[in-house]
Amino acid sequence: MQKVKTRLPIFPLPVFILPGGITRLRIFEPRYLKMVKIATQEQGFVIWLNSIESEDSDAINTKAENPDLKTMEPKEPDTLWGSWVEIINFDQGDDGILEIDVQCKSLVNILSSDQDEDDLHFGVVSERSHWSQEIEQSTTDTLSQSLDNVFDSNTMLNKLYVEKATHNANWVVARWLELIPVDLAIKTSFVHSHSYEEAKGFVQSIIFNE
Amino acid sequence: MIKHHPKFELIQSFVNGELPASLSAGIAIHAEMCPKCRHQIAQLTDQVAEVNFEDAYQEHLADDDLNMDQMIAAITESDAIFLPPENDEKSVVFNNKTYVLPKALNNMVIGKAANIGKLSRSRIQLNENEIHTSLLQMQPGGGVPEHTHKGFELTLLLEGSFEDANGKYVKGDFIMLDGSHQHHPISREGCLCYTVANDALHFTQGINKLLNPIGAFIY
Amino acid sequence: MQTHLLSNVTSDKSTQMPEKIDHPQLCQWLDAVATSRDKIAFTHLFKFFAPKIQRIARSKFPNETQASEVVQETMSNVWRKAHLFDKNKGAATTWVYTVMRNVTFDILRKIKGNKEDTLSDDIWPIAESIATEEESFDDHLENKQLLTVIDELPEAQQQVVKGFYFMEMSQEQLAVHLNLPLGTIKSRLRLALAKLKVQLGDHHD
């Protein structure tokens with residue numbers, strides 16, 4: 001895979017989103033409105049979930065002080081990664097706040113970062129591959145039926161995903177991983193350390209007690 | 001650190017569901033911030049439940065007394081389950097400052113703010129006759145003149161802090177005063193309180209006596 | 001003062017020799033109602049609780065109709081809310097007591113204040129037990145870490161962060177979706193995480 005380096009705005013946000021995932025964000029801080037403007041004109045932006053804005057605003061170099069992160073993330077602890085997203089829809093909420101729907105197109109490594117005069121972060125990033133993007137394995141298993149049920153019962157989620165690849169096993173496991181209520185540090189371990197099979201096993205053991 | 005807690009009798013009545021909504025909410029809010037009282041409430045609830053459902057009398061009610069079968073059939077007719085409502089946070093704004101309110105107040109109707117000097121007050125409409133429940137904001141430097149009270153007066157600090165002759169009170173402190181107390185709270189950094197009182201304040205000192213008409217405003 | 005109450009309870013027990021409550025059995029019935037809408041289990045629960053609720057309600061409401069309204073409402077909530085019961089968080093009796101106390105509170109308020117509001121579930125949340133002392137591990141599974149992180153952010157940043165839509169389900173939503181009791185979801189999450197930690201250990205070797 002060719003690794004092209006790109007400079008993109010960074011939105012520090014505790015949202016776990018894998019390639020193919022969609023989420024809705026509300027934007028009102030001036031620097032992030034500016035980010036949306038840049039993102040629409042250029043190539044999207046990066047959601048960076050390991051974020052803590054420290055007081056000295058040296059945010060990108062500050063790692064969350066979480067003991068679990070150390071135990072759960074034994075590999076590549078120094079690699080910063082983010083979710084590269086594109087804006088696929090936008091609207092104004094009832095309260096007049098800008099709402100954007102973003103879809104993750106790939107994960108990226110954040111190689112370096114800086115801040116502009118409006119305190120908006122930018123990072124030089126390169127794409128990294130992830131199992132959720134691998135060639136689809138056709139599936140009709142119960143995990144995907146169960147995900148179909150979630151879409152059926154959740155209007156908001158159903159509207160967000162115009163196309164649902166519930167026949168694609170990797171896509172299904174990735175969406176389940178986003179939905180399941182576990183610690184972000186644990187979800188993150190499925191980016192660094194865990195394979196698709198492990199992710200699938202993990203999701204199944206929660207959904208079906210297998 | 002929280003230093004002021006509801007006394008045991010109050011917690012007991014709270015667990016039994018015998019207090020008015022205003023005071024019940026006050027204790028619930030305090031417990032949310034105070035692990036010690038939360039623990040005590042949990043323990044007490046366990047005990048009270050056990051005692052309530054232990055059948056000391058071996059009573060056997062005739063079936064028709066309760067229409068048991070009919071009631072069971074009616075209840076189980078529908079398979080619908082209860083879905084907890086989305087946890088929307090409720091907030092209030094006083095003088096451009098937004099406060100997220102404790103969960104216990106989620107479904108209470110909060111009136112418009114009225115202002116006097118550095119004090120702002122919104123009534124919480126609970127319809128409990130002589131008991132008045134309010135949110136009271138003191139802006140930095142604000143205070144309530146020295147006063148006493150004929151009934152009880154609960155002040156629960158939701159944000160910020162205030163001081164009176166007895167010391168400093170912080171977020172979570174549950175301050176229950178009765179007619180025998182006098183106090184004169186002042187807030188240096190500003191604060192938001194949840195207050196419950198069953199009678200108007202009575203100002204006690206010098207020129208402040210002239211303020212007595214506004215005692216009804218504050219609490 | 002608490003010890004005083006405790007001793008009261010104990011002496012009550014010893015003098016009146018009440019029948020012993022079979023807590024595991026009650027939990028099992030509630031669980032059956034939650035997971036498989038088991039009407040037989042519900043009938044057992046009804047026969048155990050309803051007469052006792054009626055006796056208690058009669059002491060609070062002079063009116064017989066109101067007393068049976070408490071029974072009807074409480075048992076109906078037991079049927080509809082059984083999935084919110086978590087046996088890891090407390091006894092079934094405590095849970096039913098909470099449901100009954102809340103129903104009573106709202107009805108009393110309706111009679112006294114002519115108010116049709118339902119405040120009790122905000123004051124005494126049923127979905128989540130107020131006892132949280134022993135739950136550090138459970139909390140840990142939830143968004144606690146995330147929320148602490150959020151709390152550490154400057155306020156403007158917090159608002160931005162809280163402004164996004166959590167696409168993640170809560171444990172309660174997952175439980176409802178899978179039609180399982182919350183306690184089961186929690187223990188499955190715990191097991192799955194334990195397994196994962198073992199796998200990570202393997203990676204190290």
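Computed from a predicted structure; not experimentally measured. Per chain, residue numbering runs from 1 following the sequence as it is written. Think of it this way: whatever chain is written first is A, whatever ligand is written first is 1, and the rest follow in order. Two thresholds apply to this predicted model, a pLDDT of at least 70 for residue-level local features and 80 or more for giving and counting side-chain atom pairs, whereas whole-chain, interface and lining totals are computed over all residues. Hydrogens and water are ignored here; the side-chain numbers use all heavy atoms of the structure.

## So, the overall build of chain B
For the purposes of this entry, the term helix denotes a DSSP run of H or I that reaches at least four residues, the term strand denotes a run of E that reaches at least two, and both are numbered from the N terminus. Scanning chain B from terminus to terminus reveals six helices and twelve strands. Burial status across chain B gives 51% buried among its 219 residues. Contacts between residues were defined by any pair of non-hydrogen atoms, one from each residue, lying within 4.5 Å. Of the contacts made within chain B by residues no fewer than 6 positions apart, 66% connect residues no fewer than 24 positions apart. Calculation of accessible area relied on Shrake-Rupley with a 1.4 Å probe; when residues are assessed, cover is drawn exclusively from the protein chains displayed. When the accessible surface of chain B is summed, it comes to about 10,300 Å², and 51% of that surface belongs to carbon and sulfur atoms. Relative accessibility thresholds used throughout: buried, under 20% of the residue-type maximum; exposed, over 50%; partly exposed, between the two (1.4 Å probe, protein chains only).

## What about the packing of aromatic side chains?
Whether two aromatic rings pair depends on their centres lying within 6.5 Å, for rings of Phe, Tyr and Trp, where Trp uses its six-membered ring; planes under 30 degrees apart make the pair stacked, over 60 edge-to-face, and the rest tilted. Taken as a whole and judged by the stated rule, the model has 17 aromatic pairs over all chains. Centroid distance Phe 11 of chain A to Tyr 32 of chain A: 4.3 Å. Interplanar angle 35°. Geometry classified as tilted. Of the two residues, Phe 11 of chain A is situated in strand β1 (residues 5–12) and Tyr 32 of chain A in helix α1 (residues 30–41); the sequence distance between them amounts to 21 residues. On the basis of relative accessibility, which here comes to 1%, the residue Phe 11 of chain A falls in the buried class. Assessed through its relative accessible area of 0%, Tyr 32 of chain A is described here as buried. Lying across the ring of Trp 79 of chain C, Arg 37 of chain C places its NZ or CZ 4.2 Å from the centre. Charge-over-ring placement is defined geometrically: NZ (Lys) or CZ (Arg) within 6 Å of the ring centre, and within 35 degrees of the ring normal. Between the NZ or CZ atom of Lys 81 of chain C and the centre of the ring of Phe 82 of chain B, over which it lies, the distance is 4.3 Å.

## Remarks on the sheet that holds strand β5 (residues 131–138) of chain B
All names here are of chain B. Two strands make a pair as long as DSSP finds a minimum of two bridges between them. Strand order in the open sheet formed by six strands is β3-β4-β5-β11-β7-β10, with antiparallel pairing between adjacent strands. Single-partner strands in this sheet number two, and they are β3 (109–116) and β10 (174–177). Each adjacent strand pair in this sheet contributes to an overall mean axis angle of 20°, direction not counted. As judged from the seven bridges shared by strand β7 (residues 153–160) and strand β11 (residues 191–197), these two strands associate in the antiparallel manner. Within β11, the residue paired with Gly 160 across the bridge is Cys 191. Only the contacting stretch of a helix is used when fitting its axis, a line to C-alpha atoms as for every element, and angles between N-to-C directions run 0 to 180 degrees.

## Observations concerning unusual backbone geometry
Even without being glycine, Asp 119 of chain A reaches a positive phi, approximately 65°. With respect to the secondary-structure elements, Asp 119 of chain A resides in the loop between β5 (98–115) and β6 (121–128). When its relative accessible area of 42% is taken as the criterion, Asp 119 of chain A is described as partly exposed. Of note, the phi angle at Asn 95 of chain B is positive, near 45°, even though the residue is not glycine. Considering the arrangement of structural elements, one finds Asn 95 of chain B in the loop between β1 (91–94) and β2 (97–100).

## What about the interface of chain B and chain C?
Each partner contributes to the interface: chain B provides 62 residues, whereas chain C provides 62 residues. Note on definitions: buried area is the accessible-area loss of two parts on being combined, 1.4 Å probe, summed for both. Taken as a group, Phe 53, Ile 75 and Phe 82 of chain B account for 14% of the area that chain B buries against chain C, more than any other trio of residues on that side. For this document, the term salt bridge refers to a Lys or Arg side-chain nitrogen within 4 Å of an Asp or Glu carboxyl oxygen. Counting across the chain B and chain C interface gives two salt bridges. The shortest N-O distance in the salt bridge between Arg 37 of chain C and Asp 79 of chain B comes to 3.7 Å. Definition of a polar contact: a pair of N or O atoms within 3.5 Å, with one able to donate and the other able to accept a hydrogen when the atoms are protein atoms, and with sequence-neighbouring residues admitted only if both atoms are side-chain atoms. Between chain B and chain C we count 13 residue pairs in polar contact (both at pLDDT 80 or more) in total. Going through the elements one at a time, α1 (8–16), α2 (21–33), α3 (35–53), α4 (63–66), α5 (68–76) and β4 (119–128) of chain B are the ones with two or more residues in the side of chain B that touches chain C. At 17 residues, the largest contribution of residues to the side of chain B that touches chain C is made by α3 of chain B. Grouping the constituent residues of the side of chain B that touches chain C by class yields 32 nonpolar, 17 polar and 13 charged. Polar here means any residue other than Ala, Val, Leu, Ile, Met, Phe, Trp, Tyr, Cys and Pro, which are nonpolar, and Asp, Glu, Lys and Arg, which are charged; Gly is therefore polar.

## What to know about the packing of α5 of chain B against helix α4 (residues 64–81) of chain C
Between two packed helices, what matters for the description is the angle formed by their axes and the separation of those axes. Across the interface, α5 of chain B lies against α4 of chain C with an axial gap of 10 Å and an inter-helix angle of 45°. In terms of axis orientation, α5 of chain B runs oblique to α4 of chain C. The element α5 of chain B and its partner α4 of chain C pack so that their crossing is right-handed. Contacts between α5 of chain B and α4 of chain C pair Met 71, Ile 75 and Thr 76 of chain B from the former with Ser 68, Val 71, Gln 72, Met 75, Ser 76 and Trp 79 of chain C from the latter. Here the contact of α5 of chain B with α4 of chain C is composed, by residue class, of five nonpolar, four polar and no charged. Oblique is the label for any angle not under 35 degrees, not over 145, and not in the 65 to 115 range, which are roughly parallel, roughly antiparallel and roughly perpendicular in turn. Left-handed describes a crossing whose near helix is turned anticlockwise from the far helix by less than a right angle; the clockwise case is right-handed.

## Focus on the confidence of the model for chain C
Residue and element names in this part refer to chain C. Across the chain, each position has a pLDDT score giving the predictor's confidence in that residue, from 0 to 100. Per-chain confidence: chain C averages 71 in pLDDT, with 66% of residues scoring 70 or above. No element of chain C has a lower mean pLDDT than helix α7 (residues 136–141), which averages 30, and none a higher one than α4, which averages 93. In the model, residues 1–18 has pLDDT below 50 throughout and makes 18 contacts with residues more than four positions away in sequence or in other chains. Taken together, the stretch residues 128–166 has pLDDT below 50 and engages in 80 contacts with residues farther than four places along the chain or on a different chain.

## Observations regarding the nonpolar core
Throughout this description, the term nonpolar core refers to a set of buried Ala, Val, Leu, Ile, Met, Phe, Trp, Tyr and Cys residues connected via side-chain atoms within 4.5 Å. Ranked by internal contacts, the top residues of the largest apolar core, which has 83 residues, are Phe 53, Leu 135 and Tyr 194 of chain B together with Met 75 of chain C. Among the elements that line this core, the one with the most residues is helix α3 (residues 39–60) of chain C, at ten residues. Phe 16, Tyr 32, Trp 131 and Val 172 of chain A belong to the second largest nonpolar core, which has 65 residues in total.

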